[in-house]
Amino acid sequence: MIEGIDLSGYMVVDAPRAIAFYRDVLGLEPARIYPDDRGAEYDLSDGTTFGLWGGGGKVMPFQSSNGILFGVDDLDGTIASIEARGVQVLMRNETPHCNMAMIHDTEGNCVFLHKRKSPTG
């Protein structure tokens, strides 16, 4: 029986480059960095874990993946910070339940910055 998501992540071609992007652009500090450029894992404040896996197919073969939505408390401020670092926001979208913006990481993965709306709007 599935109880929840233990970890969500991306396969990467260049793990050091991807780790630097998530650290320097999104402010995520790795909780664990694996040897031989195999990647890193990030423990987030809500108890979830995000991972990056590389290693040139030594652990598992590279495959492209869907996106991940990172919750942020200030979407506009986060977007301004990312744009100041030279990262292009590719898309912004508003739904009845949230606002989001899409960027690409160094590996071409879609990364969504996501802000839920309050239940009253």
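Scroll up to find the structure this text is about.
These lines cover the structure that appears in this document, whether it is placed above or below. (Residues numbered from 1 in each chain as written. Predicted model: local features only at pLDDT ≥ 70, side-chain atom pairs only at ≥ 80, totals over all residues. Heavy atoms only, no water.)

1. Here we look at the overall build of the chain
Okay, step 1: The helix and strand inventory of the chain stands at two helices and eight strands.
Okay, step 2: Scanning the chain from its N terminus toward the C terminus, one meets helices and strands in the order β-α-β-β-β-β-α-β-β-β.
Okay, step 3: Each of the 121 residues in the chain was classed as buried or not, and the buried ones make up 34%.
Okay, step 4: Long-range contacts, defined as pairs at least 24 residues apart, comprise 46% of the intrachain contacts of the chain with a sequence gap of at least 6.
Okay, step 5: Of the roughly 7500 Å² that the chain leaves accessible, carbon and sulfur atoms contribute 50%. (Helix = DSSP H or I, 4+ residues; strand = E, 2+ residues; numbered from the N terminus. Buried < 20%, exposed > 50% of the residue type's maximum accessible area, 1.4 Å probe, protein only. Contact = heavy atoms within 4.5 Å. Areas by Shrake-Rupley, 256 points an atom, 1.4 Å probe, with all protein chains shown as cover.)

2. As for the packing of aromatic side chains
Working definition: an aromatic ring pair is given by the centre-to-centre distance plus the angle between the planes.
Okay, step 1: In this structure the tally under the stated criterion is seven aromatic pairs.
Okay, step 2: Pairwise contacts between aromatic rings join Tyr10, Phe21, Tyr22, Tyr42, Phe50 and Phe70 into one cluster. (Phe/Tyr/Trp six-rings, centres within 6.5 Å; stacked < 30°, edge-to-face > 60°.)

3. Observations regarding helix H1 (residues 15–24)
Structurally, the α-helix is built with 3.6 residues per turn, so residues lying three or four positions apart point the same way.
Okay, step 1: Those residues of H1 not exposed but buried are Ala15, Ala18, Ile19, Phe21 and Tyr22. All buried residues of H1 fall inside an arc of 160 degrees around its axis, so they share one side.
Okay, step 2: For H1, the side-chain oxygen to backbone nitrogen distance between the N-cap and Arg17 is 3.1 Å, and the N-cap itself is Asp14. (Arc of directions from axis to C-beta. Polar contact = N/O pair within 3.5 Å; in protein donor to acceptor, adjacent residues only side chain to side chain.)

4. Thoughts on the pattern of salt bridges
Okay, step 1: Scanning the model with the defined rule gives six salt bridges in all.
Okay, step 2: In this structure, the salt-bridge partner of Arg32 is Glu41, at a minimum N-O distance of 3.1 Å.
Okay, step 3: On the accessibility criterion, Arg32 (31% relative accessible area) is partly exposed.
Okay, step 4: When its relative accessible area of 14% is taken as the criterion, Glu41 is described as buried.
Okay, step 5: Bridged by salt links that share partners, the residues Arg32, Glu41 and Asp43 form one connected network. (Salt bridge = Lys/Arg side-chain N within 4 Å of Asp/Glu carboxyl O.)

5. With respect to the environment of Lys117
Okay, step 1: Looking at the secondary structure, you find Lys117 in the segment after strand E8 (110–116).
Okay, step 2: We classify Lys117 as partly exposed; its relative accessible area is 22%.
Okay, step 3: What Lys117 contacts, discounting residues up to four positions off in sequence, is Glu94, Thr95, Pro96, His97, Cys98 and Asn99.
Okay, step 4: Of the polar contacts made by the side chain of Lys117, one reaches the side chain of Glu94; its length is 2.6 Å.

6. Regarding the sheet that holds strand E6 (residues 91–94)
Okay, step 1: The strand order across the open sheet built from four strands is E5-E8-E7-E6, with neighbouring strands paired in mixed fashion. Each end of this open sheet is capped by a strand with a single partner; those strands are strand E5 (68–71) and E6. On average, each strand axis in the sheet is tilted by 25 degrees relative to the strand beside it, whichever way the strands run.
Okay, step 2: Bridge count between strand E7 (residues 98–104) and E8: seven bridges; the pairing is antiparallel. Bridge pairing in E8 links His104 to Cys110. (Pairing = 2+ DSSP bridges. Axes fitted to C-alpha atoms, helices over the stretch in contact; angles between N-to-C directions.)

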